[in-house]
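# Per-entry structural report
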Amino acid sequence: MILENDSSGPILRSLESIAARTDKWWYLPMLSGVSALFLSAVVFFTNTSAWALETFVVLFFLPTTVLAGPAVVFDILNKHTGSLPPGLFFYPPAFLIALFVGTFPLVTVVAVYLLLWVWPTGTVLRTLRN
C-alpha cells in the first residue's frame, strides 16, 4: 500500500480550504486602507468632535483591521497555486506594523497588496513571475 505524502501540512490544508470558499477576501484590507484615509481626512479637514472620531474608530476601523490580517492570508492562499505563495508571511506582519505606525504606511501596504494580488486580477504578479 502506497501512502501519499502531502508536505503542506494539516494547518496549511485547512487554511486553503477556508480560502477556497471565496475570492473576495481583499475587501477587508481595502476597507482598512480607505477607512484610514477617511479618518485622517476627518481629523485634518473638519472640526469633528472627539466622541464621533472614537466611535468611528471602534465601530469601523478596528474590526476591519483585526479581520484584515487573516483576510490577506486567505486571499493569497486562494489565488496562488503551488507550495508556499510569495508574500504570505510578509503582508500580514507588514499590515499589522503599518496599523501602529500610521496612515501612510497602512495605505502603502494595502496599495501594494492590491496591485500585486487583486487588480487587475494579479497581472502584475504574473508579469513578475515570467
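How each quantity is defined
- Residues numbered from 1 in each chain as written.
- Predicted model: local features only at pLDDT ≥ 70, side-chain atom pairs only at ≥ 80, totals over all residues.
- Heavy atoms only, no water.
- Phe/Tyr/Trp six-rings, centres within 6.5 Å; stacked < 30°, edge-to-face > 60°.
- Buried < 20%, exposed > 50% of the residue type's maximum accessible area, 1.4 Å probe, protein only.
- Helix = DSSP H or I, 4+ residues; strand = E, 2+ residues; numbered from the N terminus.
- pLDDT = per-residue confidence, 0-100.
- Contact = heavy atoms within 4.5 Å.
- Axes fitted to C-alpha atoms, helices over the stretch in contact; angles between N-to-C directions.
- Parallel < 35°, antiparallel > 145°, perpendicular 65-115°, else oblique.
- Left-handed = near helix turned anticlockwise from the far one by under 90°.
- Nonpolar A, V, L, I, M, F, W, Y, C, P; charged D, E, K, R; others polar.
- Core = buried A, V, L, I, M, F, W, Y, C linked by side-chain atoms within 4.5 Å.

## A word on the packing of aromatic side chains
- Summed over all chains, the structure comprises three aromatic pairs.
- For the ring pair Phe90 and Tyr91, a centre distance of 5.3 Å and an interplane angle of 70° mean the geometry is edge-to-face.
- The exposed category is assigned to Phe90, whose relative accessible area is 53%.
- Among the residues examined, Tyr91 registers a relative accessible area of 5% and is labelled buried.
- Consider the rings of Tyr91 and Tyr113, whose centres lie 5.7 Å apart with planes at 65°: the pair is edge-to-face.

## A word on the environment of Arg13
- Structurally, Arg13 is set in helix 1 (residues 9-19).
- Since its relative accessible area comes to 38%, Arg13 is described here as partly exposed.
- For the pair Arg13 and Leu77, spaced 64 residues apart in sequence, the C-alpha separation works out to 9.9 Å.

## Topic: the confidence of the model for the protein chain
- Of the residues in the protein chain, 79% reach a pLDDT of 70 or more, and the chain-wide mean stands at 75.
- A low-confidence stretch, residues 1-5 stays under pLDDT 50, and its non-local contacts, those more than four residues away or across chains, total zero contacts.

## Details of the environment of Leu96
- Positionally, Leu96 belongs in helix 4 (residues 91-101).
- Through-space distance from the C-alpha of Leu96 to that of Val109 is 9.8 Å; in sequence the pair is 13 residues apart.

## Let's talk about the packing of helix 2 (residues 27-45) against helix 3 (residues 50-79)
- Viewed as axis vectors pointing N to C, helix 2 and helix 3 meet at an angle of 150°, and their least axial separation amounts to 8 Å. One way to sum up the angle between helix 2 and helix 3 is to call them roughly antiparallel. The handedness of the crossing between helix 2 and helix 3 comes out as left-handed. Here Leu28, Pro29, Leu31, Ser32, Ser35, Ala36, Phe38, Leu39, Val42 and Val43 of helix 2 come into contact with helix 3, specifically with Leu53, Phe56, Val57, Phe60, Phe61, Thr64, Thr65, Leu67, Ala68, Ala71 and Val72.

## Describing the packing of helix 2 against helix 5 (residues 103-117)
- One can describe the packing of helix 2 onto helix 5 by two numbers: an axis separation of 9 Å at closest approach and a directional angle of 150°. Regarding the angle of helix 2 to helix 5, the classification is roughly antiparallel. Crossing hand, helix 2 versus helix 5: left-handed. Facing Pro29, Met30, Ser32, Gly33, Ala36, Leu37 and Ser40 of helix 2, the residues of helix 5 in contact are Thr103, Leu106, Val107, Val110, Tyr113 and Leu114.
- Classifying every residue of the contact of helix 2 with helix 5 by side-chain character gives nine nonpolar, four polar and no charged.

## Some remarks on the nonpolar core
- Within the largest apolar cluster, 21 residues are counted, with the highest numbers of intra-cluster contacts made by Ile76, Tyr91, Leu106, Tyr113 and Trp117.
- Mapped by element, the contributors of at least two residues to this core are helix 3, helix 4 and helix 5.
- The element best represented in this core is helix 5, accounting for seven residues.
- Excluding residues that lie within four positions of it along the chain, Ile76 makes contacts with Pro85, Pro86, Gly87, Leu88, Tyr91, Tyr113 and Trp117.

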